[in-house]
Amino acid sequence: MPFSRILGITAALLFAMSHAYAPPEGFNYDEAKVPHYTLPDPLVANDGTVITSSRQWQQSRRTEILELFETYVYGRRAQLPTDLSFTTTSIDTHALNGKATRKQVTLRFEKEAHRYALHVLIYLPNSAKADVPVFLGYNFNGNHTIHSDPGIHLSTVWMRKNDNGNVNHQATNDARGKSSSRWPVETILDRGYGLATAYYGDIEPDHKNGWKEGIRDFYQTDENGNPLALEDWSAISAWAWGLSRIMDYLETDPEIDSKRVALLGHSRLGKTSLWAGAKDERFAITISNDSGCGGAALSRRAFGETVERINTSFPHWFNRTFKQYNGNENALPVDQHMLIALMAPRPVYVASAEEDIWADPNGEFLSAKGAGPVYKLFGLKGVGVKSQPPVNTPVGNHIGYHIRTGGHDVTDYDWEQYLGFADKHLK
Ligand code: GCU
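Residues numbered from 1 in each chain as written. Predicted model: local features only at pLDDT ≥ 70, side-chain atom pairs only at ≥ 80, totals over all residues. Heavy atoms only, no water.

Describing the sheet that holds strand 9 (residues 285-289)
Reading across from one edge, 1-2-3-7-4-8-9-10-11 is the order of the 9 strands in this open sheet, with mixed pairing throughout. Two strands bound the open sheet, and with one partner strand each, they are strand 1 (85-95) and strand 11 (399-404). Averaged over all adjacent pairs, the angle separating strand axes in this sheet is 20 degrees, with direction ignored. As defined by bridge partners, strand 1 adjoins strand 2 (residues 100-108) across 8 bridges and the pair is classed as antiparallel. Residue pairing in the sheet places Ser90 in a bridge with Gln104 of strand 2. Here helix 5 (residues 268-279) sits on the sheet and contacts strand 4 (132-139), strand 8 (256-266) and strand 9; the angle it forms with strand 8, its principal contact strand, is near 140 degrees. This element, helix 8 (residues 361-370), spans strand 10 (348-353) and strand 11 of the sheet and lies at about 165 degrees to strand 10. (Pairing = 2+ DSSP bridges. Helix = DSSP H or I, 4+ residues; strand = E, 2+ residues; numbered from the N terminus. Axes fitted to C-alpha atoms, helices over the stretch in contact; angles between N-to-C directions. Contact = heavy atoms within 4.5 Å.)

Side note on empty space enclosed by the protein
Counted by the stated rule, this structure contains 2 cavities of 30 Å³ or more. As a volume, the largest cavity reaches approximately 130 Å³. Residue lining of the largest cavity: 15 residues in total, with Tyr138, Arg182, Trp183, His266 and Val410 positioned closest to the centre. Contributions of two or more residues to the lining of the largest cavity are made by strand 4 and strand 8. The leading source of residues in the lining of the largest cavity is strand 8, at 3 residues. Residue composition of the lining of the largest cavity, by class: 7 nonpolar, 7 polar and 1 charged. By volume, the second largest cavity is sized at about 50 Å³. Lining the second largest cavity are Cys293, Ala297, Leu298, Ser299, Ala302, Phe303, Glu305, Thr306, Val307, Trp358, Ala359 and Asp360. (1 Å grid on protein atoms, 1.4 Å probe; cavity = no way out; pocket = protein on both sides within 12 Å on 5 of 7 lines; lining within 4 Å. Points joined across faces, edges and corners; volume = space filled by probe spheres on them. Nonpolar A, V, L, I, M, F, W, Y, C, P; charged D, E, K, R; others polar.)

A word on the pattern of salt bridges
One pass over the structure, following the stated rule, counts 31 salt bridges. Residue Lys33 is joined to Asp30 by a salt bridge in which the shortest nitrogen-to-oxygen separation is 3.8 Å. You can call Asp30 partly exposed: its relative accessible area is 31%. As a salt-bridge pair, Asp248 and Arg282 come within 2.8 Å of each other at their nearest N and O atoms. Highlighted residues: Asp248 in helix 4 (residues 235-250) and Arg282 in the loop between helix 5 and strand 9, separated in sequence by 34 residues. A relative accessible area of 25% places Arg282 in the partly exposed class. Each of Arg76, Asp222, Glu231, Asp232 and Arg320 takes part in a single network of salt bridges with overlapping partners. (Salt bridge = Lys/Arg side-chain N within 4 Å of Asp/Glu carboxyl O. Buried < 20%, exposed > 50% of the residue type's maximum accessible area, 1.4 Å probe, protein only.)

In structure tokens form, the structure reads like this:
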């Protein structure tokens, strides 16, 4: 190879490496250029009534806000399955060198056709004496990627990525353990927690035509029995619905304490976890890791990713009405602090990363802070600080928040905070 060619390749590589985390151009990353905005007040009802008690919140305002998010952002969700079934497909009481019991459970939604299967991987600490609290979260690339444990079934469905051991969008054995840095399984077990995870693509493949192979093509009515068109709900709503079905299973597992389930998700799956935690009050804690636009970040700030951009790049994530707010965030009847508030009085945690400016870390913080007045109705403390704390300085009580150094990812540092938060509230 000529020397000039080698030089060229090296330069290209260096360029690619230095730009690996560069956020898209043409968006605002300057705090001084955030547009002026006024947030809708979670404590003022649609008819103008000021909400002053936790009772009023629980009896009416909470439902109003849920309906606003359904109508304007995430859409509705399907009816309950009439033939939900759980099959334990494998169990190993000596997994991970005897540290854990590993179970794999398949959830099905229909008796006859068996088109959809949600495969749940569960690790429980063998040291546990009583029912264990668990962390539950979807994974991006299949259950087999969260740990190199060869006993984990290899996923056979469509994979979004075509690298890291996937060939033609199908997983191969080379993909095993590829996402393990995001899932410190042994640490979770040592701290006395179980872990349940599933691949979100089991519910609906994550691309704009994914609904054709997902449950959105199957259910015709919503949870209230009303007709449900494709655009009335969204992929995020479908994925969130799947998390509730996993909870249905967890409630039946005698080894698990389903009253102590901490739901977590990263990025698009953080958006999904927030919507699932808002809809389903069985989740004891909800954790958003770098969820950004359409997750924890305030839409009105239009900092980094905007409503228009997310609706254009990922048209399937939100419902059709949300598209009306492209470039018009101020007209939205809700903003994302109201989504965080829907967790009240249950503890909620929002995490950001310093270099993840696409997700608007300060917008994520302001949203967590903006949910505070609702927690106050319950006599509970929110983030407890006026402005975004310095990096690696977690704050908050019932609303936890941190911004850590580094980029868009789930790290041991993040898990350390989530485990501590769970210890504080679940033990
Ligand atoms: C894209 C998208 C984000 C999303 C992220 C992810 O960056 O713009 O909204 O959170 O993907 O899920 O990794």
